[in-house]
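# Analysis of the macromolecular model
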Amino acid sequence: MKTIRNIFAVCDLEVEYAYHFMEYLNRKKTLPFEIRVFTSREKLCEFARDHRIELLLISDTAMCREVEEQEIGQILILSGGVRDDKLKQYPSIYKYQSSAQVMREVMARYGEEHGTDPVPVQVVKKETEIIGIYSPVGRSMKTTFALTLGQILAKNKAVLYLNLEEYSGFEYLFEHVYEETLSDLLYYLRQGNPNFIIKLNSMIRTISNLDYLPPASSPADIQCTSYEEWVRLLQEIVDTSNYEAVILDIGDGVPRLFRLLDQCTRIYMPVRNDPMSQAKIQQFENLLRMSQGEAVLEKIQKIRLPYHRTTRKGQGYLDDLVWSELGDYVRELLRKGAEMITQEQEEKKKWGWSSLPKSAGS
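Residues numbered from 1 in each chain as written. Predicted model: local features only at pLDDT ≥ 70, side-chain atom pairs only at ≥ 80, totals over all residues. Heavy atoms only, no water.

The name recorded for the protein chain in an unreviewed UniProt entry is ParA family protein, from Candidatus Pullilachnospira stercoravium.

### Thoughts on unusual backbone geometry
With phi around 50°, R139 is a residue other than glycine that occupies positive phi space. Note that R139 resides in the loop between β6 (129–133) and α5 (142–153). (Helix = DSSP H or I, 4+ residues; strand = E, 2+ residues; numbered from the N terminus.)

### Examining the packing of aromatic side chains
Under the defined criterion, the tally for this structure stands at 14 aromatic pairs. Seen in terms of ring centroids, Y134 and F284 are 5.4 Å apart; in terms of plane orientation they differ by 40°. Their pairing is tilted. Of this pair, Y134 sits in the loop between β6 and α5 while F284 sits in helix α12 (residues 275–290), and the two are 150 residues apart along the sequence. The same class applies to Y134 as to F284, namely buried. Note on Y161 and F170: the rings are 6.0 Å apart at their centroids and 5° apart in plane angle, and the pair reads as stacked. (Phe/Tyr/Trp six-rings, centres within 6.5 Å; stacked < 30°, edge-to-face > 60°. Buried < 20%, exposed > 50% of the residue type's maximum accessible area, 1.4 Å probe, protein only.)

### Some words on the pairing of strand β2 (residues 34–38)
Summarising the sheet, strand β1 (residues 7–11) and β2 pair through five bridges and their orientation is parallel. Bridge pairing in β2 links A9 to R36. Crossover connection from β1 via helix α1 (residues 15–27) to parallel β2: handedness right-handed. (Pairing = 2+ DSSP bridges. Right-handed = clockwise from strand over helix to strand, strands pointing away.)

### What to know about α12
Helix length check: α12 (16 residues) gives 23 Å between terminal C-alpha atoms against 22 Å at 1.5 Å per residue, within 8%. Buried residues of α12: S277, I281, F284, E285 and L288, and no others. Buried residues of α12, viewed axially, fall in a sector of 95°; they line one side. Pointing more than 90 degrees away from the buried face of α12 are the exposed residues P275, M276, Q283 and M290. (Expected span 1.5 Å × (residues − 1). Arc of directions from axis to C-beta.)

### Some remarks on the side chain of D12
Along the chain, the position of D12 falls in the loop between β1 and α1. You can call D12 buried: its relative accessible area is 0%. Residues contacting D12, with those up to four places away along its chain left out, are Y17, A18, F38, T39, S59, L78 and K95. (Contact = heavy atoms within 4.5 Å.)

### Thoughts on the nonpolar core
Ranked by internal contacts, the top residues of the largest apolar core, which has 64 residues, are L57, V106, L162 and L233. Sorting elements by how many residues they give to this core places helix α10 (residues 227–240) first, with seven residues. Look past the residues within four positions of L233 in its chain and what remains in contact with it is L162, L182, L185, L186, L189 and F196. If you look at the next biggest cluster of nonpolar residues, it comprises 32 residues, including A146, L149, Y161 and L173. (Core = buried A, V, L, I, M, F, W, Y, C linked by side-chain atoms within 4.5 Å.)

Here it is, written out as structure tokens:
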């Protein structure tokens, strides 16, 4: 298994800041770099003499001529606010903002520097599971479940959440206007730019360790994205990142829905017991059978979710999900699922069968 060879170094003389930033970077399992953090310019230079640093983020107080003399691919200045005229040749990033925002700006600057020149990136690869969340039933708490599942899974593994609905409502739920969304990443992918993982990391947002891409703001962006483009997007994520799970929150506006569902390793379908909801589920299942979609039917696990209600928005809304009866339900669901997988693996070993199927694109 190959390790990441491109080195991203951070140097700040303010020890507490460097420590907290390092903590954040250590939680970010998907950065396409080997991370090194320094609180001494002397230690940084000593390291740089024996190792080529691809990207250096250094505070304005730590920058010096000896650092400039090292072999470093790109230097970004971590600025406290007032720009030093001697450092104007280097791009600057404001220091006192969230670590997540700092890293988005770092990745954006790094991507701008390389343009369409491919950046060699090697990642530690693990098998990526594609988890689909879909229901033909309206008001089934599908997205509520997906966000709860994502946050709980993200406590132990690297998880990316993608919302493929025509109306996600995220800007209003999280009270934030996104500068770039899933639509921009799809456009970037269509241009054939080789540095997909750099662009992805410049856009990623994080909620309770769960990474997500801001959803498309227009229904047309979902409806006009072809099945082949969705598959290509998933393939790029599987091939160039080290996410262990990708959660697809799928709406009805996605073209060739059945084929996209077939790309998933497993599918959770929130359902309701009323006659109209049951009729819709029956119609959906009949259509799948008529379309030779038995393989999709086998992957579907129907779930009946406990009712959850909260009036809070933003992080408060998400916290309420994890520690609610719904959160307990999801934890129990995952526990039972893990037990079933373990039993199946033991049976396969007992009879000498092959390993469990790999996820789409693995």
